[in-house]
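Letter by letter, the chains look like this.
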Amino acid sequence: MMMIGGPLDCEETCVCASNIVSCSKKNLTYVPTPLPNYTAVLDLSFNSITRLRAEWTPHPLNRLHSLILSHNNLTFLSSEAFVSVTKLHYLDLSFNSLRQLDECIFEPLEHLEVLLLYSNCISQVNRAAFSGLDNLQRLYLSQNKISRFPLELVKNRSRLKALRLLDVSSNKIKALPLSDLKALPAWIKNSLYFHNNPLPCTCDLHDLVAHWHLKALSSTMDFKESHTCLLPGLQKEKMAILDLDKHYLNCSEVKVMDKSAYLEQRLVLDCDSRERDMMKNWVLPGNISLSPAMETLDDGSLLIGPLKAEDSGVYTCYATSDSFNETLYVTVTVFNSTKSGGLENLKTAYTTLIACLVSLVMVLIYLYLTPCRCACCPGQGLEKSDSFHSSTVSLSQAHEETGQERGEGRGFAYRHVAFMQPKDQLEQNGRLNPIEEDEECQGDRERRRSDAESVSSVCSDTPMVV
């Protein structure tokens, strides 16, 4: 009869091959003990183990680097479940019934590189659940019930410094931090999987997925058909995100964005490769090698500037490694003006407009608000009749007096000037009324006639010489 949860039996219960112990598909409910100290790979998959306690191994297994516990019915992990296997590099907990990941549960696994947690019932993930995993490179959380995107795992590089693959596909995530995801480097986005989540259809989501697809990132290229979203309505109909520019929302078509700048600016060109730690070399437009005057940053980006018009063109970055090569092209357009040029022109135009308005106001004030100083105005003496602040000549009065003057045998014809009072000026809006002027000045005609020969008379028809 097969032993369940008993001592390790390498002849009937398990297969012991060198440093590998395989107890798969043996209907075990407990981990058999004791395990050999030299065990490097332990396979306990396809059993009925429900709880992984702290004492599952009575002594440390310092050579164990792979532990496989998939396809069990695990519902509980002790907070000290991994204190005796700190050298693990590979841990498979997939296809179990785990519901939550507590704080620092994996902290002893400082050498862990791959953690498989897909196909569980995980709905709660403590923000510190993966603390201490400084060497974790691949984390699989797909096919769970996670409702929040764990942005801290990819944005805060001090937490998981080595992480290069995160799979949260097929969960219950209804919102993505789109702006933060756009800002991530391409080597992270290349292996960031979030397809098959109940995301609402938006043009921002389409913009993100379309840009990743144009850059040929694996996360969108390999699962193009699985990148779907839900249309509004009771039916919750699914639609391909990349088709949102053709149907329903009519989102704008996404194109590869190039760099543009103005004269005298500085510009950073990113060599955003799909792999991490690549050797990067730049070639300038016209296949010209990089000059010593140009500066490359620590991440391989190229700093150019102060820009000149001839700096426009296609810059090429060659990213190489032992297993992967990639060529990236960046098209730079330098506008033939400075960035502040437009502002300066706007300021000049604004200043000119203000000056024109001020001049117009001054002219109106001069025409309509200048005080009257003529002899016809009340309170003004006749001695001020030669004032240079005269108005318009009354044509009807001038013709009448011209005939009278000539009848008296004088050699010159004179015209008298009539002025309106300020009140009349305002009522006439700057236009004179000849009829009222004749009535106003009728009593002064005879006295003005006696002064007709005066050269300084303001009523003279001859030009005034000053």
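Preceding block: the structure.
Computed from a predicted structure; not experimentally measured. (Residues numbered from 1 in each chain as written. Predicted model: local features only at pLDDT ≥ 70, side-chain atom pairs only at ≥ 80, totals over all residues. Heavy atoms only, no water.)

Peer 1: Describe the overall build of the protein, and please don't skip the residues or the numbers.
Peer 2: Across its full length, the protein carries ten helices and 23 strands. Taking all 466 residues of the protein together, the buried fraction comes to 39%. The contacts of the protein with a sequence gap of at least 6 include a subset with a gap of at least 24, amounting to 61%. Total accessible area on the protein stands at roughly 26500 Å², and carbon and sulfur atoms take up 52% of it. (Helix = DSSP H or I, 4+ residues; strand = E, 2+ residues; numbered from the N terminus. Buried < 20%, exposed > 50% of the residue type's maximum accessible area, 1.4 Å probe, protein only. Contact = heavy atoms within 4.5 Å. Areas by Shrake-Rupley, 256 points an atom, 1.4 Å probe, with all protein chains shown as cover.)

Peer 1: Quick one: what's the story with the sheet that holds strand S3 (residues 41-43), residue by residue and with numbers?
Peer 2: Taken in spatial order, the nine strands make up an open sheet running S1-S2-S3-S5-S7-S9-S11-S12-S13, and their pairing is mixed. Each edge of the open sheet is held by one strand with a lone partner, namely strand S1 (15-17) and strand S13 (192-193). Direction of pairing for strand S9 (residues 114-116) relative to strand S11 (residues 138-140): parallel, over a ladder of three bridges. Residue pairing in the sheet places Val-114 in a bridge with Arg-138 of S11. (Pairing = 2+ DSSP bridges.)

Peer 1: So what's going on with the nonpolar core? Residues and values would help.
Peer 2: In this structure, Leu-91, Leu-93, Phe-106, Leu-117, Phe-130 and Leu-139 are the most contacted members of the largest nonpolar core, which totals 74 residues. When residues of this core are traced back to their parent elements, those giving at least two are helix H1 (152-155), helix H2 (178-182), helix H3 (186-189) and helix H4 (203-214). In this view, Leu-139 contacts Leu-115, Leu-117, Phe-130, Leu-153, Leu-163, Leu-165, Leu-166 and Asp-167; residues no more than four positions away in its chain are not counted. Counting residues in each nonpolar core, the second largest holds 18 residues, with Ala-261, Leu-267, Trp-282 and Ala-319 among its members. (Core = buried A, V, L, I, M, F, W, Y, C linked by side-chain atoms within 4.5 Å.)

Peer 1: Please give an account of unusual backbone geometry that cites residues and values.
Peer 2: Cis geometry marks the peptide bond from Thr-33 to Pro-34, where omega comes out at -10°. Here Pro-34 shows up in the loop between strand S2 (20-22) and S3. Omega for the peptide link from Gly-305 to Pro-306 comes to -5°, which places this bond in the cis form. Assignment of secondary structure puts Pro-306 in the loop between strand S21 (302-304) and strand S22 (313-320). With a phi close to 60°, Lys-25 is a non-glycine residue in the positive phi region. Residue placement: Lys-25 occurs in the loop between S2 and S3. Even without being a glycine, Phe-95 presents a positive backbone phi close to 55°. Note that Phe-95 resides in the loop between strand S7 (90-92) and strand S8 (100-101). Judged by relative accessible area, which is 36%, Phe-95 ranks as partly exposed.

Peer 1: Tell me what's going on with a positive patch on the surface, and back it up with residues and numbers.
Peer 2: Side chains of Arg-99, Lys-145, Lys-172, Lys-174 and Lys-236 sit close together on the surface and give a patch of like positive charge. Tracing the backbone through its elements, the reader meets Lys-174 in the loop between strand S12 (165-167) and H2. (Patch = residues over 30% accessible without salt bridge, like charges linked within 9 Å, V, L, I, M, F, W, Y side chains within 5 Å. Salt bridge = Lys/Arg side-chain N within 4 Å of Asp/Glu carboxyl O. Lys, Arg positive; Asp, Glu negative; His and termini not counted. Charge placed at Lys NZ, Arg CZ, Asp CG, Glu CD.)

Peer 1: I'd like a description of the pairing of strand S18 (residues 279-284), backed by residues and values.
Peer 2: Bridge count between S18 and S22: five bridges; the pairing is antiparallel. Note on S22: the bridge partner recorded for Asn-281 is Tyr-318. Both S18 and strand S19 (residues 288-289) contribute to a ladder of two bridges, which runs antiparallel. Paired with Val-283 across the bridge in S19 is Ser-289.

Peer 1: Outline the sheet that holds S22, listing residues and values.
Peer 2: Strand pairing within a sheet occurs via backbone hydrogen bonds; the two strands may be parallel or antiparallel. Taking strand neighbours across the sheet as the criterion, the five strands line up as S16-S23-S22-S18-S19 in an open arrangement whose pairing is mixed. Each having just a single partner strand, strand S16 (259-263) and S19 make up the two edges of the open sheet.

Peer 1: Help me get a handle on the pattern of salt bridges, residues and values and all.
Peer 2: Overall, the coordinates contain five salt bridges when judged by the stated rule. Among the ionic pairs, Glu-326 bridges to Arg-274, the shortest N-O distance being 3.2 Å. Here Glu-326 is found in strand S23 (residues 325-338), whereas its partner Arg-274 is found in the loop between strand S17 (267-269) and S18, with 52 residues between them in sequence. The partly exposed category is assigned to Arg-274, whose relative accessible area is 22%.

Peer 1: Could you give an account of H4, with specific residues and numbers?
Peer 2: Compared with an ideal rise of 1.5 Å per residue, which puts twelve residues at 16 Å, H4 spans 16 Å between its outermost C-alpha atoms and is within 8% of the ideal. Taken residue by residue, H4 has Leu-205, His-206, Leu-208, Val-209, Ala-210 and Trp-212 as its buried positions. At the C-terminal side of H4, Ala-216 shows a positive phi close to 60°. (Expected span 1.5 Å × (residues − 1).)

Peer 1: Lay out the pairing of S23 with the relevant residues and their values.
Peer 2: Successive side chains on a regular strand alternate, one facing one side of the sheet and the next facing the other. With five bridges connecting them, S16 and S23 associate as parallel partners. Bridge assignment links Lys-259 to a residue of S23, and that residue is Val-332. Two strands pair when backbone bridges link them, and S22 and S23 are joined in this way by eight bridges, in the antiparallel orientation. Bridge pairing in S23 links Thr-316 to Tyr-329. Hairpin remark: S22 followed by S23, antiparallel, with four residues in the connecting loop.

Don't take any of this as a statement about function, it's just geometry.
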